[in-house]
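# Residue-level structural notes
If you want the building blocks of each chain, they are given just below.
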Amino acid sequence: MAIRLDHVRIQRGGPLRADFELAPGDLNLVYGRNETGKTYLVEALVRVLFAKGKRSGAAWALRDWDLKGRVSVSGLGAEPVAFTATGRSLEEHWEQAAGLPPDLARLLVVKGGDALLAADAADGVGTKVLRTYLSGEGLLDGIAAGISATVQKAVVAGRQIVGPAMGELKAREERRQRLAQVDGLLTEVEERYGSGRPHLLRREIAGLRAERDRLEAARRHRAAVVAAQLDAAQRQQGSLPDQEVLARLAEQVGVYESKAADAQTKAERLAEYERTDDDYGWAGKAAEAYRELTAGAGGGGARPVLLIAALALLAAAVGAGLMGWPLPMVVGALAAAGLVGAYYREARGTLARAGESRELERLRAEFQRRFGTELADRAALEAQLARLQANDIRAAALRQELESARVELRQLAPRIAGPLAQYADGELEPGDWREALGRLRRAVEAQAATIRSLERSLEALGVSAAERLEADPEVAWEPARYEELTAQLETRSAALTAAAGELARLRTRALQELGRQDGDWEELIQALRDRRAATVAQYRQLTAEILGKIQVAAAVQELRAQEKERIAAALRSAAMGGPLRAITGRYHAVRQGEEGELVLQGDLDECPLSMASTGTREQALLGLRLGFASHLMKGQKGFLILDDAFQHSDWVRRGNGVQVLLGLVAAGWQVFYFTMDDHLRGLFQRAGAALGPGYREVELG
Amino acid sequence: MKVAITADVHLRSRAESPARYRALESVFQQSRAAGAGHVVVAGDLLDAEYRSFGDFEGLCRPFGDLEVHVIPGNHDAGLSERSMAGAHVHVYSEARAVDLGGTCFLFLPYAPGTTMAQALAEAGGRPPADPWVLVGHGDYYGGVREPNPLEPGTYMPLTRTEVEGLGARAVFLGHIHKPGQWGSVWYAGSPCGLDIHETGVRRFLLYDTATGRIEARPVVTDHLYFIESFVVLPVADEVALLEGEIARRIAAWGIGPADQGKVRVRVAARGYATDRRAIQEALERGFRGYRFDDEGGPDTAGLSMASDDQRNAIAQRTRAVLEGLDWDFGGDEPDREEVLMAALAAVYGS
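Overview of the structure. (Residues numbered from 1 in each chain as written. Chains lettered and ligands numbered in written order. Predicted model: local features only at pLDDT ≥ 70, side-chain atom pairs only at ≥ 80, totals over all residues. Heavy atoms only, no water.)

With respect to the helices and strands, the residue Gln118 of chain B is situated in helix H3 (residues 116-122). The contact partners of Gln118 of chain B, leaving out residues within four places of it in the chain, are Gly196 and His199 of chain A. (Helix = DSSP H or I, 4+ residues; strand = E, 2+ residues; numbered from the N terminus. Contact = heavy atoms within 4.5 Å.)

Right, dumping it as structure tokens:
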């Protein structure tokens, strides 16, 4: 089905003074002199029908007119399609519906009488045009242009995309790293959150704490028990004398014992003196008797004055001794001894002179019995009497001393016995005092040791008085187990703290990643999963694009290698030869020369297109234009917009050109010709007359 | 002894969801035939908010020789041992270790706001018996990474590290309806597809307590869902190529003629064709005898026309090059169809 313009309506504007409306026929002539809006109309059709900008298949040089219009086109689908300057372009429609390339547009419009397809090419066509329309190379170029240089340099090797680290490849790597980052974070979050380790630690800690609390209660109860024991021990200690009392008692007992021993000694000495009391009495009487017995025996006897003086001196010496005067005591004693010696010498002389008598013998025998010595004379008796008298004096002194000592002991004894009786349950004899004191001392020391031990125990428990627990928790206090539990609790608490810290840090990272302020773990995990899914989607999309383009680039490379063959085959095709022959009437084919230039082929000769005459060249270019269009449209027919395409031709070729157009119309093409040339108008009018209703002519003005 | 495992039955009343009852009945029948004395339901026995157990008890009644062990899933709030009258139906609302044929099965019911590791810790850790098997309901973090569109969120997760540390011979989980396996972790999958997204022949698992071997058995269901997507290239024999691909896809379903009437298939074609109508007709023809999920038949909205021979030749050549591409398709990487579609977009400029 041919692509035709069914209706054209262009609003007036610019040089076009009135709205233009046309229901086109097969051959349509728009005639107008300068400044009547002819070019305006051509540009309006281009603007309404074809794409502009990047998507345009042609570099239209359009003026900056605010063109408005509507053109209805049939042949694109089941129903005609209306085009406006702001709607979809014809290229989009025919590309989608008919699979025609955008480049087709530039073939259908000859603007300003310029038939050249490439102004910079010697033959007016150029290699680029050939590649565009015949080899598909232009299409390949176009597709390749949509693939960045970075991707075109990239290859897939070892299941990796290898290429420059820039552009899409760099972006892909960044997305891959981003994905790895999100993936790593999500994995870590899932593992940490899903891990039972913190929970297990909490459970273990709770169990350990419960056991330790029970032991703690046991400790507090133990402290209460020990405190009670200590209290009892201290109370018991109060019933015992303290060390000061004990020391004082011990001192007093010592003093008592010392005094008692001294008194004993004195008593013994006194007893000894008192045993000579009988001898002293006998000796006095014996001396009296002896004097009487020996008084008649001549000579004077010993002088008693000596003896009295000796006794007086002796008494003075004893008195001095008792008074503590040693020197007078010694001098007195020596003087008394001297007087006794003098008396003894006198008495011995007297006795020697006395005769023995029976009484005397008895005296002597008694004396012998009592004193163990022989009574030699009166002096001996007197001497003995003097010694006994001295003893009697000493005994009297001792008796006095002994009495004083006994008084002291009687006074001291209650001060010892009283306290001892208080601590020792009953009165004790002085002889038991020291042993009782010993027992008391040992008891006091033992009690002190007990108290110290209890105090240490209490201190070791480390429980204040307020914390002591009277109620028995029925768990024994085990310090070793308590220490063990404490150590285990510390270990697990540290592990839990570490785990909680890691979780907190992880949560912070997750919040930062998600740009959130808060959220529970399940929300964060879901958000991270969503983030991961979005990241994967981006990565997959970009990777697919890169891989796809790499494959496309490879396919393009392969197809490029076949370019010359495809151009040659297309140039030889009937689609190219038909229009060329129809327009030139002489050349039926075209080929590429050695340098790529086009060479027209006739039945009898060949002519490089660049060397052809101007008229032949214009005809050939128009023929080639239609050939290219036929090639692209695969025989499908369309419309041609020719803006004074023949204005530079001579009169003969103008006629030929118009005839060629009539031939195209006959072949099914729709032609729009714009001219200001009256000669061409006449040619069209004559040609149109043959077409009848298929010819339309509009005059602008 | 063999133990059958299924999950995610999502029963409502028999009148509302007859297909799900028949699927579970098929599991029971096949379990009995295989000599399995026990059937384990790893959560979501009931559908959301459904609280009536009479129809399920009615289903169990003829299978008194089977001991049915159920753990509540996230849809089974209120399900407990007291809910069930049948003596051979056991509901474990709390963690319980049960000896089944010499293997200790630790049943761990779903609990919101916790993880399986925590629930295991609460239960006193792994059971002392060996071998042992864990039955739970939730997300396996070492497995599916894609978000679950049916139930977004986190459900009593189990991590790969925990699984490695458990020493369980097998872990059977419910919650994810798509069957799957990652190491010792198995999702039996729903025995009856709940909608078109739960595709393919459904299955249940048979666990041999003597050997630890796990075998998948197909469930006889009322309907079978499939989703098929085709990428079309505008080539001269595009219809023939498509017809061949359709035949391959149907063969891969692995169903017999008797199941043909059960199929509901969603078909879509995308890419570029020289004749969209012919493609549409080829799809309709290829799936004739199967019921389309969509009343409109195959979806060809993503299929564009392409009659530019040059572009088509480039596209065809591109596909040929792509066929030889050495790449790890799938997973986080694009699959072959995605790459082809991207290549076609580059060729056709859309």
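Between chain A and chain B, the residue contacts involve 58 residues of the former and 47 residues of the latter. Summing both sides of the interface, chain A and chain B together bury roughly 4,600 Å²; the carbon and sulfur share of this comes to 53%. Looking at the side of chain A facing chain B, the largest losses of area belong to Arg159, Arg529 and Arg540 of chain A, adding up to 15% of the total buried there. Summed over the shared surface of chain A and chain B, the result is eight salt bridges. Across the salt bridge formed by Asp326 of chain B and Arg159 of chain A, the nearest N and O atoms sit 2.7 Å from each other. Our enumeration of links across chain A and chain B arrives at 13 residue pairs in polar contact (both at pLDDT 80 or more). Breaking the side of chain A that touches chain B down by element, the ones donating at least two residues are helix H2 (90-98), helix H4 (126-135), helix H5 (137-145), strand S8 (160-162), helix H7 (167-194), helix H8 (197-238) and helix H17 (521-560) of chain A. (Buried area = accessible area lost by both parts, 1.4 Å probe. Salt bridge = Lys/Arg side-chain N within 4 Å of Asp/Glu carboxyl O. Polar contact = N/O pair within 3.5 Å; in protein donor to acceptor, adjacent residues only side chain to side chain.)

Quick look at H17 of chain A now. In a regular helix each residue adds 1.5 Å, so 40 residues correspond to 58 Å; H17 of chain A covers 57 Å between its end C-alpha atoms and thus fits that length. The residue sitting at the N-terminus of H17 of chain A and contributing the capping side-chain oxygen is Asp520 of chain A; that oxygen lies 3.2 Å from the backbone nitrogen of Glu522 of chain A. (Expected span 1.5 Å × (residues − 1).)

Residues and elements named next belong to chain A. Alternating positions in strand S5 (residues 81-84) separate cleanly, Val81 and Phe83 being buried on one face and Ala82 and Thr84 remaining unburied on the opposite face. Note that strand S4 (residues 69-74) and S5 share four bridges and pair antiparallel. Directly across from Ser72, in S5, lies its bridge partner Ala82. In this structure, the hairpin formed by S4 and S5 is closed by a connection of six residues, where Gly75 is found at a positive phi of approximately 95°. (Buried < 20%, exposed > 50% of the residue type's maximum accessible area, 1.4 Å probe, protein only. Pairing = 2+ DSSP bridges.)

Residue and element names in this part refer to chain A. Sheet architecture is open: three strands sit in the order S9-S10-S11, paired in antiparallel fashion. Every other strand in the sheet has two partners, leaving strand S9 (587-592) and strand S11 (606-608) as the edge strands with one partner each. For this sheet the average axis-to-axis angle between neighbouring strands, irrespective of direction, equals 25°. Sheet topology note: the strand S10 (residues 598-602)/S11 ladder contains three bridges and is antiparallel. The residue bridging Gln601 from the neighbouring strand is Glu606, located in S11. Taken strand by strand, helix H19 (residues 574-584) contacts S9 and S10, and its axis lies near 125° from that of S9. (Axes fitted to C-alpha atoms, helices over the stretch in contact; angles between N-to-C directions.)

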